[in-house]
Amino acid sequence: MKSMRSWLFVPGHRQRMIDKALGLPADVLIFDLEDGVPEAEKGVARSRVAAALDSARGGSRRFVRVHEAGSSELDADLQAIARAGLQGLVLPKVQGPEDVLQVCRWLDRHETRVGIPSGGVGLLATIESARGLVQAPAIASVTPRLVGLMFGAEDFALDLGLFSHPGQGLVNYARSALTVASASGQIRAIDKVFTDIGDLDGLAAEARRARNLGFAGKAVIHPGQVGVVNEIFGPTEAEERWARRIVEAFERRADEGPATVDGRMVDRPILERARWILDRLEEEG
């Protein structure tokens, strides 16, 4: 499965930002129709995002953040962006499986009509509330369309009544719970945005913590953050060397039992981890 390390939010009404984003090395572009767009600019944003989906520029995957389930704006979003260039939707403020299924039903009706293979549009559900976090395991397995869960830290803190920056312990609990829920559905967990765009060292430190918690990627809000996230969530040279030794050790064996590498016994789950690392490297070229 193609890497989805960096997820860059792009305001849908800002043409200059859209044009720049199409030339960036972000794995996924999230063209925003929701919170990043003023009410008066919603119509403009839909038109500009639709044009961006039609553009042949760049190699990033193209997702669109639409309005939440139940919003009066959601149908207008979906009508505007239903076209062959749409590869995925980011669903905000997901509270439970039914929020995801509502959009799935719309996609089931309209994909073929606009030239998208059935089931071709992926979904990323954003968990931004206590209820959403409690429901995250059910959300993670509700549809094969779902490629991941993303953690929305600011709205999550607001939902819990934390009007200053939430404590690290609470954030790490929620982030860990999200990665476990994602793993239960065999999908990715995508970490929250890092809002201090000038602090790349802080971004790198937070991204490393996120990777150690089990996240597969991170949302970003500035082009300068993309390279940091891509590097940290990609396999390191040391991991590549380790993975090749593991795979080579098993290839030399005549049976299906454990192998010994660097004096340690390794079994099938470790072999699968090594193969996963090498697959990621191949995807990233």
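Quick note: structure is the one above.
Residues numbered from 1 in each chain as written. Predicted model: local features only at pLDDT ≥ 70, side-chain atom pairs only at ≥ 80, totals over all residues. Heavy atoms only, no water.

*Asks:* I would appreciate a short explanation of the packing of helix 2 (residues 42-54) against helix 3 (residues 74-81) in the present structure.
*Replies:* Axes are the key here: two packed helices are described by the angle between their axes and the distance separating the axes. Where helix 2 contacts helix 3, the axes come no closer than 9 Å and their chain directions differ by 35°. For the pair helix 2 and helix 3, the crossing hand works out as right-handed. Every residue of helix 3 that contacts helix 2 at R46, V49, A50 and L53 is listed here: A76, D77, A80 and I81. For the contact of helix 2 with helix 3, the residue count by class is six nonpolar, no polar and two charged. (Axes fitted to C-alpha atoms, helices over the stretch in contact; angles between N-to-C directions. Helix = DSSP H or I, 4+ residues; strand = E, 2+ residues; numbered from the N terminus. Left-handed = near helix turned anticlockwise from the far one by under 90°. Contact = heavy atoms within 4.5 Å. Nonpolar A, V, L, I, M, F, W, Y, C, P; charged D, E, K, R; others polar.)

*Asks:* Is there a simple way to explain helix 8 (residues 200-213) in this structure?
*Replies:* Owing to its 3.6 residues per turn, the α-helix aligns residues three or four sequence positions apart on the same side. A rise of 1.5 Å per residue sets the reference length of helix 8, with its 14 residues, at 20 Å; its end C-alpha atoms lie 20 Å apart and thus fit the reference within 8%. In the segment just after helix 8, G214 is the residue with positive phi, at about 110°. (Expected span 1.5 Å × (residues − 1).)

*Asks:* Looking at this structure, I do not really get empty space enclosed by the protein. What am I missing?
*Replies:* The gaps left among the atoms become clear once a water-sized probe is rolled over them. Using the criterion set out here, one finds one cavity of 30 Å³ or more in the structure. For the largest cavity, the calculated volume is near 40 Å³. The dominant element in the lining of the largest cavity, judged by the number of residues it contributes, is helix 4 (residues 97-110), at three residues. Each residue belonging to the lining of the largest cavity can be placed in one class, and the counts come to six nonpolar, one polar and two charged. (1 Å grid on protein atoms, 1.4 Å probe; cavity = no way out; pocket = protein on both sides within 12 Å on 5 of 7 lines; lining within 4 Å. Points joined across faces, edges and corners; volume = space filled by probe spheres on them.)

*Asks:* When you look at the side chain of R46 in this model, what are you seeing that I'm missing?
*Replies:* Among the structural elements, R46 can be located in helix 2. Residue R46 is classed as buried on the basis of its relative accessible area, which comes to 12%. Not counting residues up to four positions away in its chain, the partners in contact with R46 are L33, H67, E73, A76, D77 and A80. (Buried < 20%, exposed > 50% of the residue type's maximum accessible area, 1.4 Å probe, protein only.)

*Asks:* Quick question: what am I supposed to make of the sheet that holds strand 2 (residues 28-32) here?
*Replies:* Sheet strands line up and pair through hydrogen bonds in the backbone, either parallel or antiparallel. The sheet built from eight strands closes into a barrel, its strands ordered 1-2-3-4-5-6-7-8 with parallel pairing. Averaged over all pairs of adjacent strands, the angle between strand axes in this sheet comes to 25°, irrespective of strand direction. The sheet contact formed by strand 3 (residues 61-65) and strand 4 (residues 88-91) spans three bridges and is parallel. By the bridge assignment for strand 4, R65 is matched with V90. (Pairing = 2+ DSSP bridges.)

*Asks:* For this particular structure, what's the right way to read the pairing of strand 2?
*Replies:* Walk down a regular strand and you will see the side chains alternate between the two sheet faces. Most of strand 2 is tucked away, with five of its five residues classed as buried. Of the two faces of strand 2, both are covered, the one formed by V28, I30 and D32 as well as the one formed by L29 and F31. Here strand 1 (residues 6-11) runs beside strand 2; their pairing, made up of five bridges, is parallel. The partner of V10 across the bridge, within strand 2, is F31. In this fold, strand 1 hands off to helix 1 (residues 15-21), which returns the chain to strand 2; that crossover is right-handed. Crossover handedness for the path strand 2 to helix 2 to strand 3: right-handed. (Right-handed = clockwise from strand over helix to strand, strands pointing away.)

*Asks:* Where do I start with the packing of aromatic side chains in this structure?
*Replies:* Given two aromatic rings, one states the distance between the centres and the angle between the planes to describe the pair. Counted under the stated rule, the structure contains two aromatic pairs. When the ring of W7 is compared with that of F63, the centres are 5.2 Å apart and the planes differ by 80°; the resulting orientation is edge-to-face. Residue W7 is found in strand 1, and its partner F63 is found in strand 3; the two are separated by 56 residues along the sequence. For the pair W7 and F63, one class covers both residues: buried. (Phe/Tyr/Trp six-rings, centres within 6.5 Å; stacked < 30°, edge-to-face > 60°.)

Everything listed here is a matter of geometry and, on its own, says nothing about what the molecule does.
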